[in-house]
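Single-letter residue listing:
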Number of protein chains: 2
Amino acid sequence: MRYIGLQEVEDISLGAAVMASGGGGNPYLGTLIAKECVNTYGPIQLLTLDEIPDDWKIAVSMGLGAPSVLVEKVPNGREAGWAMEVLEHAVGHGFDAVMASEAGGWNSLHPMLPAAERHLPLIDADGMGRAFPQLDMETWSVAGLSCNPIGVADERGNKLCVYSHTNKMGEDICRSATVAMGGNISTACYHMTGRFAKDHSVWGTYTLCETVGRIIRLGRAGELDTYAELQKTLRFKELFRGKIQDVERRTEGGFTRGLCQLEGFEDYEGSSMEVRFQNEYLVASVNGQVKCVTPDLIVMFDTESFYPITSEQLKYGCRALVVGVPCAQQWRTPEGLAVVGPELGFGYPDIAYAPVEELNA
Amino acid sequence: MRYIGLQEVEDISLGAAVMASGGGGNPYLGTLIAKECVNTYGPIQLLTLDEIPDDWKIAVSMGLGAPSVLVEKVPNGREAGWAMEVLEHAVGHGFDAVMASEAGGWNSLHPMLPAAERHLPLIDADGMGRAFPQLDMETWSVAGLSCNPIGVADERGNKLCVYSHTNKMGEDICRSATVAMGGNISTACYHMTGRFAKDHSVWGTYTLCETVGRIIRLGRAGELDTYAELQKTLRFKELFRGKIQDVERRTEGGFTRGLCQLEGFEDYEGSSMEVRFQNEYLVASVNGQVKCVTPDLIVMFDTESFYPITSEQLKYGCRALVVGVPCAQQWRTPEGLAVVGPELGFGYPDIAYAPVEELNA
């Protein structure tokens, strides 16, 4: 057990933006809101899965919507707690701990709000080990857990409770309701026991995010070799170094979708890279050859600062180091790939999954 | 107290399609489902508002969506009961009676399903005295009642419970959720006491619908003069007789919207009529002069059969008698007109409301 204070919030936020693989929402607002929470309610307890009893009741707290919208339609910090209230009312009991849905700029911080407000511990785990664009893309879902009931709230106090006949339908209904609710919402869902969380979550996500964030922070202060330390921590494969030449981006159906093209420099002079995204980066190809594909993580770092570049921030002239990071083992099973693989998860019929280590052997 | 049996279902369905002012959903499917309900559970008790205690708990049962979709995405008859279950769970108690939201082909029959299933009485009243396209356009809403919580269900068993910060926002969220739920849904909402129902409902809607339906049925059998009897019952003003020349119709944002043009015959030879609709007929003009406008009812009858022509059924060559019917008194107040009048309710800035009796004096 340890505590998340102001420095930890900053490191987690930065590291989560790396692990978000280009998505996960805007970390800036989340950081401000989470720090305000720590200032108001005190540091937040963080427990490892090992430390919690099997019979604990756990709820997952997450935001949903297009990251593009989040930047302009600012959360008020209360909606995450309101969504939790809806879930508590629906299941008829409170919870012992709160868990994150994914590693993402906004969604790693989102669960801190209801945790702080309720003085509940946060669990050092999540259901993705990265970010994915849909509520049904969770390791818990692959393991057969229903996401229902889903508590939903927006910043004006509109609330929904959703009971969907499949997790994908839960995603569709929430996504569709966000349109009337202004493009992004808070949810509380996937309520589960401590036992289930231990068996089917990705362990240690907050600690990993914090480590990554701390490396980048200390690297900027000249205290360590950022590239080497990140390599050790993430076991990434370097895919490309280049300058962004073109970005196509559109907000449709509650997602930010698009395509980014880069031209190589240094060792990659004369080569070009194409990265496709739907909130998150999904497929990275160099000279037409696939180099990293979902569910493995594609991360773009600014070559100077090592700050991650999210799909929101892509713009002409950015100089990027692009790396591929092996995903959590749960995603590399046939059941996992059916949900988040390139063909069945994201509709790229011509792209088969292969581990990033093999594609860059 | 009396009972609704198979003949009453047919008469109510036909009369409600008249009172729906062109909207209210397809009556054919509703009739089949309501008759099946009567066959399964027995006749449905119908109580006047006079007959119910002030402390009774009443729920309103209604469908929501584009009538165009309802014709193709057939309800299974269970969703109305499921929506009621969501509402019962949310408020923590059952109900003593069920009430209709509006007079409409589908929405007059919709409440019969949960009433029959639960052996609850139906109340001879509604919140419109006609049909309107939105969930917030109810006399109860004008009187300050919240529509929340709103129980929602679709034919696949997806369920929502909505708590909106305004009734209009409740409409927007449900309408937006219908997109993921296939275009139409069942809801249960506006829970109220017997006292509130007596003070703020439109009384006797089922009896009026049944009377209108019976007149048309007996008229077709040659047993009475349909025009004269309908005139006596509805106190309508004849606006036009003509042939439909053109229909523009589109399904957008969960509504069926459009414009219908007619060329006059008999006394109206040489004149033309234009009728604008959003599910319901909203504005009828003859030679550019407004003759009837929402909230007064615009009804089109087939000149041969006296069957009402809904906005769904409008097509080139139909021969129609168009009449205007005075609306319930609640709508003629400034508060009522703010919700369902032409300017504030439906965005026709150039059209001011005037009672159909004055426009056709």
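Higher on the page you've got the structure.
Report on the accompanying structure.

Once that is clear, we can look at the relation of the copies chain A and chain B. Superposing chain A onto chain B requires a rotation of 180° together with a translation of 0.1 Å along the rotation axis, leaving an RMSD of 0.0 Å. The superposition operator between the copies reduces to a two-fold rotation axis.

All names here are of chain B. With 13 residues, helix H4 (residues 79–91) ought to run about 18 Å at 1.5 Å a step, and its terminal C-alpha atoms sit 19 Å apart, in line with that. In terms of residue burial, H4 counts as a mostly covered element, since ten of its 13 residues are buried. Residues of H4 that are buried: Glu79, Ala80, Gly81, Trp82, Ala83, Met84, Val86, Leu87, Glu88 and Ala90. Phi for Gly92, located one or two positions after H4, is positive at around 80°.

Here the focus is the sheet that holds strand E17 (residues 319–325) of chain B. Residue and element names in this part refer to chain B. An order of E15-E14-E13-E12-E11-E17-E16 is seen for the seven strands of this open sheet, with the pairing classed as antiparallel. The sheet is open, and its two borders are formed by strand E15 (289–293) and strand E16 (297–302), each paired with just one other strand. Direction aside, the axes of adjacent strands within the sheet are offset by 35° on average. By the bridge criterion, seven bridges tie strand E12 (residues 255–264) to strand E13 (residues 272–278) in an arrangement that is antiparallel. Across the sheet, residue Gly258 finds its bridge partner in E13, namely Phe277.

With that settled, consider the interface of chain A and chain B. Taken together, the contact between chain A and chain B spans 20 residues of the former and 20 residues of the latter. Buried surface at the junction of chain A and chain B, both sides included, amounts to about 1700 Å², of which 58% is carbon and sulfur. Counting every contact that joins chain A to chain B gives zero salt bridges. In this structure, the connection of chain A to chain B is made through ten residue pairs in polar contact (both at pLDDT 80 or more). Residue contributions to the side of chain A that touches chain B peak at seven residues, all from helix H7 (residues 167–180) of chain A. Partitioning the side of chain A that touches chain B into residue classes produces eleven nonpolar, six polar and three charged.

As a further point, take the state of the cysteines. If you walk through the whole model with that rule in mind, you get zero disulfides over all chains. No disulfide involves Cys37(A); its sulfur sits 18 Å from that of Cys209(A), the nearest cysteine. With no disulfide of its own, Cys260(B) lies closest to Cys318(B) among cysteine sulfurs, the gap being 8.3 Å.

Within the secondary structure layout, Asn158(B) lies in the loop between strand E7 (150–153) and strand E8 (159–163). For Asn158(B), a relative accessible area of 0% puts it in the buried group. Among the polar contacts made by the side chain of Asn158(B), one reaches the main-chain amide nitrogen of His165(A) at a distance of 2.7 Å. The residues touching Asn158(B), leaving out its near neighbours within four places in the chain, are Tyr163(A), Ser164(A), His165(A), Met169(A), Ile173(A), Val152(B), Ala153(B) and Met181(B).

Residue and element names in this part refer to chain A. With five of its six residues buried, strand E16 (residues 297–302) lies for the most part within the structure. Where E16 meets strand E17 (residues 319–325), six bridges bridge the pair, whose relative direction is antiparallel. Bridging across to E17, Phe301 finds its partner in Leu321.

Residues and elements named next belong to chain A. By secondary structure assignment, the location of Asp11 is in helix H1 (residues 6–19). The buried category is assigned to Asp11, whose relative accessible area is 3%. For Asp11, the residues in contact, after removing those within four places along its chain, are Cys209, Glu210, Gly213, Arg214 and Arg217.

In this structure, Met62(A) sits in strand E3 (residues 57–65). Measuring from C-alpha to C-alpha, the distance between Met62(A) and Ala100(A) comes to 6.6 Å, with 38 residues separating the pair along the chain.

As a further point, take unusual backbone geometry. Residues and elements named next belong to chain A. In this structure, Pro149 follows Asn148 across a cis peptide bond, with omega equal to -15°. When you line up the elements, Pro149 lands in the loop between helix H6 (139–142) and strand E7 (150–153). Not every positive phi belongs to a glycine, and Tyr190 is a case in point at roughly 45°. Looking at the element boundaries, Tyr190 is found in strand E9 (residues 184–193).

What follows covers the packing of helix H1 (residues 6–19) of chain B against helix H9 (residues 205–220) of chain B. Residues and elements named next belong to chain B. Across the interface, H1 lies against H9 with an axial gap of 6 Å and an inter-helix angle of 95°. Considering their axes alone, H1 and H9 lie roughly perpendicular with respect to each other. Together, Gln7, Glu8, Asp11, Ile12, Leu14, Gly15, Ala16, Val18 and Met19 of H1 and Tyr206, Leu208, Cys209, Glu210, Val212, Gly213, Arg214, Ile216 and Arg217 of H9 make up the contact between the two elements. Looking at the contact of H1 with H9, its residues break down into ten nonpolar, three polar and five charged.

Turning next to the pattern of salt bridges. Throughout the structure, instances matching the rule amount to 42 salt bridges over all chains. Close ionic contact of Asp54(A) with Lys198(A) constitutes a salt bridge, the shortest N to O distance being 2.8 Å. Of this pair, Asp54(A) sits in the loop between strand E2 (44–47) and E3 while Lys198(A) sits in helix H8 (residues 194–200), and the two are 144 residues apart along the sequence. When its relative accessible area of 36% is taken as the criterion, Asp54(A) is described as partly exposed. Overall, Lys198(A) belongs to the buried group, its relative accessible area being 16%. Notably, a salt bridge pairs Arg156(B) with Glu155(B), separated by 3.9 Å at the nearest N-O pair. Each of the salt bridges in this network shares a partner with another, and the network as a whole consists of Asp54(A), Arg195(A), Lys198(A) and Asp199(A).

Calculation notes
Residues numbered from 1 in each chain as written. Chains lettered and ligands numbered in written order. Predicted model: local features only at pLDDT ≥ 70, side-chain atom pairs only at ≥ 80, totals over all residues. Heavy atoms only, no water. Least-squares fit on C-alpha atoms with pLDDT ≥ 70 in both. Helix = DSSP H or I, 4+ residues; strand = E, 2+ residues; numbered from the N terminus. Expected span 1.5 Å × (residues − 1). Buried < 20%, exposed > 50% of the residue type's maximum accessible area, 1.4 Å probe, protein only. Pairing = 2+ DSSP bridges. Axes fitted to C-alpha atoms, helices over the stretch in contact; angles between N-to-C directions. Contact = heavy atoms within 4.5 Å. Buried area = accessible area lost by both parts, 1.4 Å probe. Salt bridge = Lys/Arg side-chain N within 4 Å of Asp/Glu carboxyl O. Polar contact = N/O pair within 3.5 Å; in protein donor to acceptor, adjacent residues only side chain to side chain. Nonpolar A, V, L, I, M, F, W, Y, C, P; charged D, E, K, R; others polar. Disulfide = S-S within 2.5 Å. Parallel < 35°, antiparallel > 145°, perpendicular 65-115°, else oblique.

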